[in-house]
2 protein chains.
Amino acid sequence: MKKKSVTSHDVARLAGVSQSAVSRTFSPDAKVSDKTRKKVMEAARQLGYRPNTIARSLITRSSRTIAVVVYSLENPFYSYMLEKASRFFKQQGYHLLLFSASSSDGFDDVLDDILRSQVEGILMLAITLNDDQAALVCDYGIPVVIINRTVDYAGISQVACDNFQGGYWAGRHLVSLGHRRIAYLSGLVDSSTDIQRRAGFVEGLASMGAALHDSGIGHYQYTSACQATRLLFASTTPPDALFAANDLMAIAAMEVIQSEFCLKVPEDVSVIGFDDVPMAAWPSHSLTTLQQPVQTMIMRATELLLAQIDQPDTPPQQITLPVTPMLRGSVRRPSGDVNDT
Amino acid sequence: MKKKSVTSHDVARLAGVSQSAVSRTFSPDAKVSDKTRKKVMEAARQLGYRPNTIARSLITRSSRTIAVVVYSLENPFYSYMLEKASRFFKQQGYHLLLFSASSSDGFDDVLDDILRSQVEGILMLAITLNDDQAALVCDYGIPVVIINRTVDYAGISQVACDNFQGGYWAGRHLVSLGHRRIAYLSGLVDSSTDIQRRAGFVEGLASMGAALHDSGIGHYQYTSACQATRLLFASTTPPDALFAANDLMAIAAMEVIQSEFCLKVPEDVSVIGFDDVPMAAWPSHSLTTLQQPVQTMIMRATELLLAQIDQPDTPPQQITLPVTPMLRGSVRRPSGDVNDT
DNA sequence: CTGAAAGCGCTAACAA
DNA sequence: TTGTTAGCGCTTTCAG
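Thresholds applied
- Per chain, the residues get numbers from 1 upward, laid out in the order the sequence is written.
- All chains are assigned letters beginning at A, and all ligands numbers beginning at 1, according to the order in which they are written.
- Side-chain atom pairs in this predicted model are given and counted only at pLDDT of 80 or more, local residue features only at pLDDT of at least 70, and totals for whole chains, interfaces and linings cover all residues.
- As a convention, hydrogens and water are excluded, and side-chain values are obtained from all of the structure's heavy atoms.
- The score called pLDDT rates the predictor's confidence residue by residue, from a low of 0 to a high of 100.
- For this analysis, residues touch if any pair of their heavy atoms sits within 4.5 Å.
- Here the copies are matched by least squares. The fit uses the C-alpha atoms of residues with pLDDT of at least 70 in both.
- The term buried area refers to how much accessible surface (probe radius 1.4 Å) is lost by two components on association, counted for both of them together.
- Any carboxyl oxygen of Asp or Glu that lies within 4 Å of a side-chain nitrogen of Lys or Arg is treated as forming a salt bridge with it.
- The rule for a residue being near a molecule or strand is that one of its heavy atoms must lie within 4 Å of it.
- Nitrogen and oxygen atoms within 3.5 Å of one another constitute a polar contact, given that in protein one can donate a hydrogen and the other can accept it, and given that sequence-neighbouring residues count only through two side-chain atoms.
- In this text, helices come from DSSP runs of H or I with a minimum length of four residues, and strands from runs of E with a minimum of two, each type numbered from the N-terminal end.
- Residues were grouped as follows: Ala, Val, Leu, Ile, Met, Phe, Trp, Tyr, Cys and Pro as nonpolar; Asp, Glu, Lys and Arg as charged; and all remaining residues, including Gly, as polar.

(A) Focus on the confidence of the model for chain A. Residues of chain A with pLDDT of at least 70 account for 96%, and the chain-wide mean is 94. Long-range and interchain partners of residues 337-341 of chain A, a stretch whose pLDDT sits below 50, account for nine contacts in this model, where long-range means more than four residues apart.

Right under this line is the structure:
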């Protein structure tokens, strides 16, 4: 447990070369003779030398670090993204600095923290920026890509899915199945995804001459969704179909519906989710849901971020990807000829 | 998108003070007159100044950054830990640098990367170090805490559960329930957790006069566990009880058993898992499992790491916490008087 | 309490 | 190709 700290000087001394020779040896685009390099490498090995990234960052003004901000990792959808992002950036030679933020209140502090850490880009998973925050980051000239949340600020990139369309499909599908008491289980009511999914859903219902029967709020979380479901089904006119703003809540709802209200899915109640997390396909859930192309989303987001870092004049983009309905066992089978979108 | 970069000099100039005054103002233990501080703060605000963490780290030789290495985030057990760790360290003023490593092969590169980044501590989730790696880190004097994996190297701290005891309980419990064709579903056969759980299990069986009937390997993953389960149950003498090395695999097994082999859990097959991830308690799984005290584990680990950073003479510790059997619906009810451990 | 000066470990001109 | 020389933006003595 000796606190040493081998510097390039030490290596230079041992190798009998200048300190810059050492630096060059450890620089990607070296211009060093093989002889020098060999000497340096040997000395470095002997001393256990490793270049100090911090010092390097200070002078090159590039930390090769990305800040990833997550809201919660409870949802496998985001832990999957995080994992993928981690591998992608590592492969590109970037490090990931992980931040978590509960809400966009108090995010000011987190943002301040991020800005001090000299990251070269920010990837936000399901978190948004308010106008001041957006202005701040833009002013700093640091690229941001927001996944699954929108922000009304040109200059900030975002990657999301067609939430409206997904909601719309869900609405029409449930009506087409003959449901009439159709409820919506919100995530966070002020999140853009929730707003869009809900709007699409309501419009989908309307397009079939139906309307929203009831709704609850599940905060995109399991336990909260269970609670909301209890409220919904304790009503004198409980829903016969439910569209939840994400899979985690849809599954929570199914658990409550089946185990606490002794209703059957899909016989008594149809349930549709959103995301298509791996779990949704497990036989015991068999959740009909709207698939978001996670892989594509994270790829587009990470590539976009890198592009903006490498070429600061790359224009920010708002990318919207299509969702795909995944028909599984949690909704009734169509009874007869309904023409569905 | 202007690439500025306000330094303490700029602030000093505007505030009409020296650059050191600015530095002091932004140092936690400042010794600045209120008048100066006020001037500095005003100038800083005006310019949007934020101290450069990198420069600070270089001179203070402390990055206030912890490296967290994860194996996979598919298992909610670890994504939960990561989230908790993130919040804890943030609260302590530390940043988290996220690394992922698939196996301990090729971990050399990751370790090299970590060492270069001047982190002050390393937290490893379900990944271990080989002797060389352990020696290397110790030599660098950088504290490491390994969660859920052991390493034969004094000087490295580890936090884990009594895996042997957990396996032992599972073994005895299944036999006591009258099972005789008892199988084990391995995670990664060379992981310490798997080795210990299996050993405890086998010994538990033996203590009741039973022996392992069969086993499979599920790599701690869902899909792999499904595959292993298929093999196990396609046998002419399929198991009537299964102990899986983690919950994810136990759930995978139940899915396959029920949906593909049309067997009932627990009537035809009893299943026991390990971890007690939140999902295990969901009614549709209702998995009997051995609870690891995640909260405690992560607390102990993070506190230990911090202690070792703050006081380098803090001795490394090997912490083993007890596991708690959680009896749920995935195992038969005891039929008669069995005396269980 | 404040400013001047000396670096932290490294990269990047510039000369040799 | 190499060594020499300036710093990167900050903290930290050390005088004043």
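(B) Region of the structure containing the relation of the copies chain A and chain B. For the pair chain A and chain B, the best superposition has an RMSD of 0.0 Å and corresponds to a rotation of 180° with a translation of 0.0 Å parallel to the axis. Such a turn and shift between the copies fits a two-fold axis. When C-alpha positions in chain A are compared against the rotation axis, the closest is assigned to L97(A), at 2.3 Å.

(C) Focus on the interface of chain A and chain B. Contacts between the two partners involve 56 residues from chain A, matched on the other side by 56 residues from chain B. Between chain A and chain B, the buried area comes to about 5200 Å², and carbon and sulfur atoms account for 54% of it. On the chain A side of the contact with chain B, R50(A), I54(A) and W282(A) bury the most area, a combined 14% of that side's loss. On inspection of chain A and its partner chain B, the count reaches two salt bridges. As a salt-bridge pair, D112(B) and R50(A) come within 2.4 Å of each other at their nearest N and O atoms.

(D) Summary view of the protein's contact with DNA strand D. Near DNA strand D there are 26 residues, and of these S20(A), R24(A), S33(A), T36(A) and I59(A) occur at the shortest range. Close to the protein, within 4 Å, the atoms of DNA strand D are drawn from sugar and phosphate at a rate of 57%. Within the contact set of DNA strand D, a phosphate oxygen lies 2.3 Å away from a side-chain nitrogen or oxygen of S33(A). Between DNA strand D and the protein, one listed contact pairs a base oxygen with a side-chain N or O atom of R24(B) at 3.3 Å. Broken down by secondary-structure element, the contributors of at least two residues to the surface near DNA strand D are helix 2 (19-25) and helix 4 (53-60) of chain A together with helix 2 (19-25) and helix 4 (53-60) of chain B. Its residues placed into classes, the surface near DNA strand D shows nine nonpolar, twelve polar and five charged.

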